[in-house]
Amino acid sequence: MPFDDPAISVRNLTKTYRLFGHAGDRVKQFLTFGVKRFHREFTALKDLSFDINKGEAVGIIGRNGSGKSTLLQLICGILKPTSGTVQTHRRISALLELGAGFNPEFTGRENVYFQGALMGFTRIDMEARFDDIAAFAEIGEFIDQPVRTYSSGMFVRLAFAAMIHADADILVIDEALAVGDEAFQRKCFSKLLDYLDGNEKILLFVSHNIRQVERICSRAIWLEDGRVVQQGPAREICAAYQDRIHQQVQDTHERSKLRPTFVDSGEVDVIRLQLFKGADEEPVDEIEIHTAVKVVIDFRCHSRLIAPDIIVGFHTTDSVFIAAASTAILPMQPDFPAGDHRVEVRVADLILLPGVYQMRLGFLDRHLRTMWSGHKLSTFRVTAPARSDVIRLPPGLVDMQFEWVFALPEGKQ
Amino acid sequence: MTNSKHWFAQRYLLGQLIKRDVLLRYRGAMFGVAWVFINPLIMLCIYAYVFGHIFQARWPQQGNGAPFWLVLYSGLIAFNIFSDTVSRAPTAVKNYPNFVKKIIFPVEILPLVPLGAAIVHGVFNILILLGALAWTGLLNSHVALYPIMLAPIVLFALGISWFLAAWGVFIKDMSQIVPPFVQMAMFLSPVLYPASAVPEAIRAFYSYNPLGAVIEACRAAALGQSINWSSWSGALVLSIIITGLGLAFFRHNREEFADAL
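(A) Spatial organisation of the overall build of chain A. Within chain A, the secondary structure is distributed over eight helices and 19 strands. When each of the 413 residues of chain A is scored for burial, the buried share is 44%. Contacts in chain A between residues far apart in sequence, at least 24 positions, make up 70% of those at least 6 positions apart. Accessible surface for chain A amounts to roughly 22,100 Å². Of this, 51% is attributable to carbon and sulfur atoms.

(B) Layout of the side chain of Asn-125 of chain B. Summarising the element assignment, Asn-125 of chain B is placed in helix α6 (residues 112-135). Not counting chain neighbours up to four residues away, the residues in contact with Asn-125 of chain B comprise Pro-40, Tyr-73 and Ile-77 of chain B.

(C) Structural context of a nonpolar patch on the surface. A cluster of nonpolar side chains, Met-400, Phe-402, Trp-404 and Phe-406 of chain A, forms an exposed patch at the surface whose accessible area comes to about 640 Å². Inspection of the secondary structure assignment puts Phe-402 of chain A in the segment after β19 (379-383).

(D) A look at the pairing of strand β15 (residues 321-326) of chain A. All names here are of chain A. With five bridges connecting them, strand β14 (residues 309-316) and β15 associate as antiparallel partners. The residue bridging Phe-314 from the neighbouring strand is Ala-323, located in β15. Counted between consecutive antiparallel strands, the loop separating β14 from β15 contains four residues, among which Ser-319 sits at a positive phi close to 60°.

(E) Inspection of the sheet that holds strand β4 (residues 83-88) of chain A at higher detail. Residue and element names in this part refer to chain A. Ordered by their spatial adjacency, three strands build an open sheet running β2-β1-β4, and the pairing between neighbours is antiparallel. Of all strands in the sheet, those bounded by a partner on one side alone are β2 (39-52) and β4. Averaged over all pairs of adjacent strands, the angle between strand axes in this sheet comes to 30°, irrespective of strand direction. The pairing of strand β1 (residues 8-20) with β4 spans five bridges and is classified as antiparallel. Its bridge partner lying in β4, Ser-9 is registered against Gln-87. The sheet strands contacting helix α2 (residues 68-76) are β1, β2 and β4, and the helix crosses β1 at an angle near 115°.

(F) Expanded view of the interface of chain B and chain A. Taken together, the contact between chain B and chain A spans 27 residues of the former and 31 residues of the latter. Of the roughly 2,900 Å² buried at the junction of chain B and chain A (both faces included), carbon and sulfur atoms supply 60%. Connecting chain B to chain A are zero salt bridges. Applying the counting rule to chain B against chain A returns three residue pairs in polar contact (both at pLDDT 80 or more). Taken together, the elements giving at least two residues each to the side of chain B that touches chain A come down to α2 (11-26), α5 (97-101), α8 (151-170) and α12 (229-260) of chain B. Residue composition of the side of chain B that touches chain A, grouped by class: 17 nonpolar, two polar and eight charged.

(G) Highlighting the pattern of salt bridges. Scanning the model with the defined rule gives 19 salt bridges over all chains in all. A salt bridge links Arg-272 of chain A to Asp-298 of chain A, with the shortest nitrogen-to-oxygen separation between them at 3.3 Å. Of this pair, Arg-272 of chain A sits in strand β11 (residues 268-277) while Asp-298 of chain A sits in strand β13 (residues 293-301), and the two are 26 residues apart along the sequence. Taking the relative accessible area as the measure of exposure, Asp-298 of chain A reaches 7% and is therefore buried. Salt-bridge contacts for Arg-219 of chain B lead to Glu-216 of chain B; the nearest nitrogen and oxygen are separated by 2.5 Å. A residue pair is termed a helical-turn pair when its members lie 3 or 4 positions apart in one helix, as Arg-219 of chain B and Glu-216 of chain B do in helix α11 (residues 210-223) at three residues. By relative accessible area, Arg-219 of chain B is classed as buried at 4%. Judged by its relative accessible area of 28%, Glu-216 of chain B falls in the partly exposed class.

About the criteria used
- Residues numbered from 1 in each chain as written.
- Chains lettered and ligands numbered in written order.
- Predicted model: local features only at pLDDT ≥ 70, side-chain atom pairs only at ≥ 80, totals over all residues.
- Heavy atoms only, no water.
- Helix = DSSP H or I, 4+ residues; strand = E, 2+ residues; numbered from the N terminus.
- Buried < 20%, exposed > 50% of the residue type's maximum accessible area, 1.4 Å probe, protein only.
- Contact = heavy atoms within 4.5 Å.
- Areas by Shrake-Rupley, 256 points an atom, 1.4 Å probe, with all protein chains shown as cover.
- Patch = residues over 30% accessible without salt bridge, like charges linked within 9 Å, V, L, I, M, F, W, Y side chains within 5 Å.
- Salt bridge = Lys/Arg side-chain N within 4 Å of Asp/Glu carboxyl O.
- Pairing = 2+ DSSP bridges.
- Axes fitted to C-alpha atoms, helices over the stretch in contact; angles between N-to-C directions.
- Buried area = accessible area lost by both parts, 1.4 Å probe.
- Polar contact = N/O pair within 3.5 Å; in protein donor to acceptor, adjacent residues only side chain to side chain.
- Nonpolar A, V, L, I, M, F, W, Y, C, P; charged D, E, K, R; others polar.

Right, dumping it as structure tokens:
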């Protein structure tokens with residue numbers, strides 16, 4: 001029916017948040033009748049326009065902070081737009097958080113009835129649905145126990161069951177399906193597909209799981225920094241989005257991945273090897289002798305590393321090895337699951353004498369096979385103390401602490 | 001949006017919220033909901049003992065020989081509806097962030113929940129009052145007016161609640177600020193003394209503010225004395241205005257709630 005009004009119509013939608021630094025600032029703003037500004041502004045959505053028609057399942061994708069949740073809240077009428085309009089012509093049921101209306105002190109049954117009341121159902125309406133909800137949630141006897149005694153899985157199952165049986169025209173789901181076990185997720189999905197099937201319902205679905213979006217949604221809207229990057233058939237948009245994400249990951253990878261000079265088995269990628277002074281936030285490449293420093297290693301492993309040896313060492317620019325720290329001396333060497341990791345090596349007193357040094361780094365597996373190894377990695381300069389006229393530094397590489405003792409030969413006093 | 005305009009249509013939901021609020025207070029307690037009765041009874045006993053026996057207090061123009069504790073109790077019921085509501089108002093919205101941010105919900109009805117709970121408790125108080133009146137042989141047909149007399153104080157409490165609930169969202173200190181003021185209101189209102197005992201100069205203030213007028217009117221109704229209708233209706237008009245302003249203020253600030261919580 002091409003002449004139907006769209007079920008949801010968003011026009012030039014902009015949302016700006018007022019951020020108050022301190023609770024009192026809001027009072028000040030109020031007392032000065034808004035003449036003086038005590039807040040910063042943050043624009044979460046900028047000039048969005050789109051329509052959603054009946055029967056559509058629309059996925060909203062984008063990275064964290066791209067404005068997805070704000071958009072859903074605006075569509076639901078929970079937030080008011082700063083400018084622009086959102087028009088919805090039908091009854092919305094929002095699940096921005098599973099079990100948001102549940103009170104832990106009440107039983108599952110009481111909470112389901114209350115959730116019904118929140119969605120505008122009377123007791124009689126709910127009585128007709130209750131058995132379906134309880135059956136779908138599969139929590140058995142627990143339905144008459146306080147919700148606080150539920151496991152998180154039971155809680156989610158009951159909350160989803162209560163929501164999906166509310167029979168709303170527009171269903172809004174924000175990241176809610178990331179929980180629950182595999183079997184229940186599958187059940188939820190088939191229920192969602194039933195919900196969409198044939199009738200003229202609308203689903204708005206936010207998920208970071210692109211595969212879920214591809215599977216359920218017919219259309220997708222890709223948001224970035226509060227703007228629509230692209231919208232269209234879910235499959236195309238999801239593919240484009242995934243390409244972009246991959247590209248971004250690749251870019252940061254290329255820029256910062258350190259090139260090992262000896263061995264690279266491909267199991268470990270070292271992203272950064274940096275030197276920090278004390279507890280400073282910013283890495284340094286120049287540091288004074290006798291200060292506390294730490295070496296921070298950011299690396300990524302593609303499969304689980306079991307008790308690897310990590311070796312960090314210092315050497316001169318002409319490859320004279322001076323000192324090294326190894327996890328091999330630890331009584332228990334930690335394992336690293338696949339993913340990104342950060343390891344720090346702290347040095348209480350950097351005794352390298354003024355000059356230019358470099359770092360080397362190695363990853364060995366528990367059978368002492370080298371997975372990654374390189375040297376000449378990070379170059380840094382050690383400087384003399386500001387009052388070097390007072391302390392004369394000896395030549396050499398390290399400022400080792402010596403103690404002189406002058407004693408007369410025995411028997412001669 | 002359309003939901004919030006018709007919050008009257010949400011009365012089933014409101015009923016559920018009030019029910020939950022009252023039940024939650026007594027859930028898990030050994031005597032359970034019986035506390036709704038026990039609490040005011042204990043309070044009544046204390047007043048009877050302290051004022052009847054220790055202070056031997058007498059009301060200045062006490063016509064029909066009602067004991068002081070009964071006179072006190074008949075006014076206190078009205079004041080308690082106000083104080084129970086208003087002292088909980090600052091957290092009425094603040095304590096339900098999920099209702100503001102996560103679900104489509106007519107937030108305006110949240111301040112009605114403490115009011116509803118206070119009225120439920122008030123009803124039990126009135127039942128005890130009726131019992132006490134019957135027991136002392138002072139029961140009269142005027143008492144039927146008692147619930148109607150409460151109208152201005154209910155509206156007044158609601159109006160104030162809408163203000164405080166909105167402020168409470170933004171300013172955490174509200175829940176600390178309000179209780180001492182409620183305490184102060186108790187001593188400034190003619191609960192422990194009749195309005196006729198105050199100096200002539202400020203008498204008008206006592207007769208036309210919703211608290212004073214309603215407490216006086218309630219007491220008159222309970223004890224079968226003549227009600228000062230002019231001050232009562234003045235208070236009613238004032239209460240309606242305050243309720244309207246409170247709702248307007250609440251609605252004006254409502255869109256910022258989700259950002260502040």
